[in-house]
Amino acid sequence: MAFDLDMIKKVYDRYSTRVEAARKATGKPLTLTEKILYAHLSEGDAQTAFGRGVDYVDFAPDRVAMQDATAQMALLQFMQAGRPQVAVPSTVHCDHLIQAKIGAVEDLSTAVDVNREVYDFLASVSDKYGIGFWKAGAGIIHQVVLENYAFPGGMMIGTDSHTPNAGGLGMIAIGVGGADACDVMAGLPWELKFPKLIGVKLTGKLSGWTSAKDVILRVAGILTVKGGTGAIVEYFGEGARSLSATGKGTICNMGAEIGATTSIFGYDEKAAAYLKGTKRADIAELADAIAEHLTGDDEVYANPEQYFDQVIEINLSELEPHVNGPFTPDLAWPISKFATAVKENNWPTKLEVGLIGSCTNSSYEDITRSASIAKQAIDKKLKTQAEFTITPGSELVRYTVDRDGYLDTFAQMGGVVLANACGPCIGQWARHTDDPTRKNSIITSFNRNFAKRQDGNPNTHAFVASPEIVTAFAIAGDLTFNPLTDTLTNEAGEQVKFDEPQGIEMPVKGYAVEDAGYQAPAEDGSKVEVIVSPTSSRLQLLEPFKAWEGTDITGLKLLIKAKGKCTTDHISMAGPWLKFRGHLDNISNNMLIGAINYFNLTADNVKNELTGEYGPVPATQRAYKAAGIGSIVVGDENYGEGSSREHAAMEPRHLGVRAILVKSFARIHETNLKKQGMLGITFADNNDYDKIQEDDTIDITGLTTFAPGKQLTVVLHHKDGSTESFPVNHTYNAQQIEWFKAGGALNIIRKQMAS
Ligand code: SF4
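This report concerns the structure included in the present document. Computed from a predicted model, the values in this text were never measured in an experiment.

## Notes on the overall build of the protein chain
At step 1: The secondary structure content of the protein chain amounts to 26 helices and 30 strands.
At step 2: A compact globule built from 755 residues should have a C-alpha radius of gyration of about 27 Å, and the protein chain, at 27 Å, falls within 12% of that.
At step 3: Summarising its shape, the C-alpha atoms of the protein chain cover approximately 90 × 60 × 55 Å along the three principal directions.
At step 4: Taking all 755 residues of the protein chain together, the buried fraction comes to 60%.
At step 5: Of the contacts made within the protein chain by residues no fewer than 6 positions apart, 75% connect residues no fewer than 24 positions apart.
At step 6: Averaged over its 71 positive side-chain charges, the protein chain has a centre that lies 1 Å from the centre of its 92 negative ones.

Quick look at the structure:
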């Protein structure tokens, strides 16, 4: 942790100066979000980017966190950079690949077996390059980060969409793709579109059954799953200051469900207490010294409408517990209206499973509040009607709540403790069900509830609520039950009612753990060997991509002219392919299999110009590659929209596609292509799309004088011997042209490191 403290000191050293400079430059008071963003502008942008209205800006994040599924390709790529160590503190967390089936011990041991080659790779690559490694069973990335790495005023990127959880401790924490993580670890700046700002003013104070979870369930209801897109949500007000740091983490975590870039709370007494409680008093002390900069300016919070693009106000004293769902997290029901909604919509009233925990809701406070309900069930002789599982977020929390007797309470009410991992939250759940075709209901304290998310069953109606509400529902086994007002019949035939849940914010005896599951990297990793079996089907070391040959690119075959939508999912499908995400050659067998061929309107069926036969896209491209012939992909509007998936840029590069020519690109995909040394160009006149014929041979000229803002030319040699040419645009800046020439951004870094 000393490494971290030095890093945090450095961040805080420049923080106040940057904030003051930004205030001066903008001539106005600042929100917390602006302060942190300005404090993390990369050196090049620091002088110019103060002030909104700027578009894409380069930042220098302090940390990188990666989960085991997405870390594989990020780290395989990072190895290409030739650095002896990562440029910023980074961690890997083994949490996504553990299937929940029987219980914590058995499931963990199966996972260690099944995923051995992935875990061995991640452990060894972490060891070599100075990356902290959290073993399987150590906990879920966001909970572990909150307990160990999040700090007020910091900036982190993480290869998981719920990275914003760290906003609970005042950190700007943003979920990204593996390519971005690789760049930051390699020492490159990280680009973000300057966000819009949404302010959420919290007044009043939570009480009774209402918890922090209900704040975000309500916000999701107001903003919907799209309302936060492109925005950072900043919470403030006396209500915000009254929430525990872990409760704030829950709110920021689930901000991903409204599409927000991230969410954040200011530094306050609760944050300081949590830092001290998790053995980071030294960080609290550093934060205290610049506390005024770790929250928004008073003027901003006094007149938020003047400084935020949108302001929402929620009175915590009046907020009801909520249940959101089914099938979408923004269908928000106050508990008083939920039973009617269940009946009116004909949702299955019988609750089959209640699941608490996950990265969203497994703090000590969450567990103690839920356990207080479980204890009442035992004392009041209520028999639990639904299945009930508990997924602790980390070994630190699991050990502590076990020591304090809460897991025992859950066991007495019939609960099953699962491994400290994602498990059912990400569909890693071998659910026991007698009839998967039956419409059925489950309720969780997780964050996402889209169809099939938890158990892969489209008939499952998944609802989301706070852990204490989930616990009460699991005991009742009935979704029309309102724990605030209704009674249940106990085993003695008496009517009994729950008292309000009671929780403890942090353990009175302090947090404890025997083995947190952390493996520190080697001091000097130069001798450490990265473990990848040459026969593995899941992992493959990468070869550097070839540099540009220095001439125009000629004689390209048309691989596919895609019609209509071509998202990153059409280019590199997910689902069963994800198990190959660490093996570029194997996953390349999904390349563009979802794209529709303009000439026959079918997917994964293109003409092989060498044989004249139609076949799958990847096989056709492999035939061109084997013959030493390059190819080009042509696409429609907004090519590559969707989640930032580096595989969608790497696969064509790996299989020998030389250029992507489209009407327009989704920006992130365009940048990813550039990073891989690929040529991404756009029609100057979209009507030229129609000129491209199936049997064309295609040249791209002008590359020897490739320069920012200067058009290139595409030449079509039609089968009938005629030729057409037209200009094409590109958005490469000088640096990106160097990436193209070198065969990829990482090739440049490797050269720099070697010199
Ligand atoms: S627990 Fe769920 S939301 Fe959290 S990191 Fe795991 S899969 Fe994502």
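## So, the environment of Gln-376
At step 1: For Gln-376, the position within the fold is in helix α16 (residues 364–379).
At step 2: Gln-376 sits in the buried class, given a relative accessible area of 10%.
At step 3: A C-alpha to C-alpha distance of 63 Å links Gln-376 and Ile-748, two positions 372 residues apart in sequence.
At step 4: Those residues within four positions of Gln-376 in sequence are excluded, and the remaining contacts are Lys-381, Lys-497, Phe-498, Asp-499 and Glu-500.

## Structural notes on the layout of surface pockets
Summary: where empty space remains is shown by rolling a probe the size of a single water molecule over the atoms.
At step 1: Considering only enclosed or pocket space, the second largest pocket measures out at about 680 Å³ in volume.
At step 2: Taken together, the elements giving at least two residues each to the lining of the second largest pocket come down to β22 (553–561), α23 (647–655) and β26 (657–662).
At step 3: Looking at the lining of the second largest pocket, the element that brings in the most residues is β22, giving 4 residues.
At step 4: Taken together, the residues of the lining of the second largest pocket sort by class into 13 nonpolar, 9 polar and 7 charged.

## Some words on the packing of aromatic side chains
At step 1: In total, this model carries 28 aromatic pairs according to the counting rule given.
At step 2: Connected via pairs of aromatic rings, a cluster forms that spans Trp-333, Phe-338, Trp-347, Phe-463 and Phe-473.
At step 3: Note that Lys-561 overlies the ring of Tyr-689, its terminal NZ or CZ placed 4.6 Å from the centroid.

## Regarding the sheet that holds strand β9 (residues 231–236)
At step 1: If you walk across this open sheet you meet the 4 strands as β10-β9-β8-β11, and the pairing is parallel. What marks the edges here is a single partner per strand, and that holds for β10 (262–265) and β11 (310–315). Taken pair by pair, the neighbouring strands of this sheet meet at an average axis angle of 20°, ignoring direction.
At step 2: Relative to β11, strand β8 (residues 196–203) runs parallel, the two sharing 6 bridges. Bridge assignment links Ile-198 to a residue of β11, and that residue is Gln-310.

## Quick notes on empty space enclosed by the protein
At step 1: By the definition in use, this model includes 6 cavities of 30 Å³ or more.
At step 2: If you add up the space inside the largest cavity, you get close to 160 Å³.
At step 3: Gln-77, Phe-545, Lys-675, Gln-676 and Leu-746 are the residues nearest the centre of the largest cavity, which is lined by 17 residues in total.
At step 4: Looking at the lining of the largest cavity, the elements that each hand over two or more residues are α8 (178–186) and α26 (745–754).
At step 5: Taken together, the residues of the lining of the largest cavity sort by class into 8 nonpolar, 6 polar and 3 charged.

## A closer look at unusual backbone geometry
At step 1: A cis amide bond links Gly-325 with the next residue in sequence, Pro-326, at an omega value of 0°.
At step 2: With respect to the helices and strands, Pro-326 occurs in the loop between β12 (322–324) and β13 (332–334).
At step 3: If you check the backbone angles, Asn-346 has positive phi at about 65° while not being a glycine.
At step 4: A positive phi angle, close to 60°, is found at Lys-381, a residue other than glycine.

## Here's the deal with the pairing of strand β25 (residues 631–635)
At step 1: In terms of burial, β25 is a largely internal element, 5 of the 5 residues being buried.
At step 2: Side-chain alternation along β25 places Ser-631, Val-633 and Gly-635 on one buried face and Ile-632 and Val-634 on a second face that is also buried.
At step 3: Bridging between β22 and β25 involves 4 bridges; their strand directions are parallel. Residue pairing for β25: Lys-561 is matched across the bridge by Val-634.
At step 4: Bridge count between β25 and β26: 5 bridges; the pairing is parallel.

## Thoughts on the sheet that holds strand β27 (residues 679–683)
At step 1: Strand order in the closed barrel made by the 7 strands is β22-β25-β26-β27-β30-β29-β28, with mixed pairing throughout. Between one strand axis and the next, the sheet turns by 40° as a mean value, whatever way the strands run.
At step 2: With 6 bridges connecting them, strand β29 (residues 712–717) and strand β30 (residues 723–729) associate as antiparallel partners. Residue pairing for β30: Val-714 is matched across the bridge by Phe-726.

Scoring rules and cut-offs
- Residues numbered from 1 in each chain as written.
- Predicted model: local features only at pLDDT ≥ 70, side-chain atom pairs only at ≥ 80, totals over all residues.
- Heavy atoms only, no water.
- Helix = DSSP H or I, 4+ residues; strand = E, 2+ residues; numbered from the N terminus.
- Rg over C-alpha atoms; globule rule 2.2 N^0.38 Å.
- Buried < 20%, exposed > 50% of the residue type's maximum accessible area, 1.4 Å probe, protein only.
- Contact = heavy atoms within 4.5 Å.
- Lys, Arg positive; Asp, Glu negative; His and termini not counted.
- Charge placed at Lys NZ, Arg CZ, Asp CG, Glu CD.
- 1 Å grid on protein atoms, 1.4 Å probe; cavity = no way out; pocket = protein on both sides within 12 Å on 5 of 7 lines; lining within 4 Å.
- Points joined across faces, edges and corners; volume = space filled by probe spheres on them.
- Nonpolar A, V, L, I, M, F, W, Y, C, P; charged D, E, K, R; others polar.
- Phe/Tyr/Trp six-rings, centres within 6.5 Å; stacked < 30°, edge-to-face > 60°.
- Lys NZ or Arg CZ within 6 Å of the ring centre and 35° of its normal.
- Pairing = 2+ DSSP bridges.
- Axes fitted to C-alpha atoms, helices over the stretch in contact; angles between N-to-C directions.

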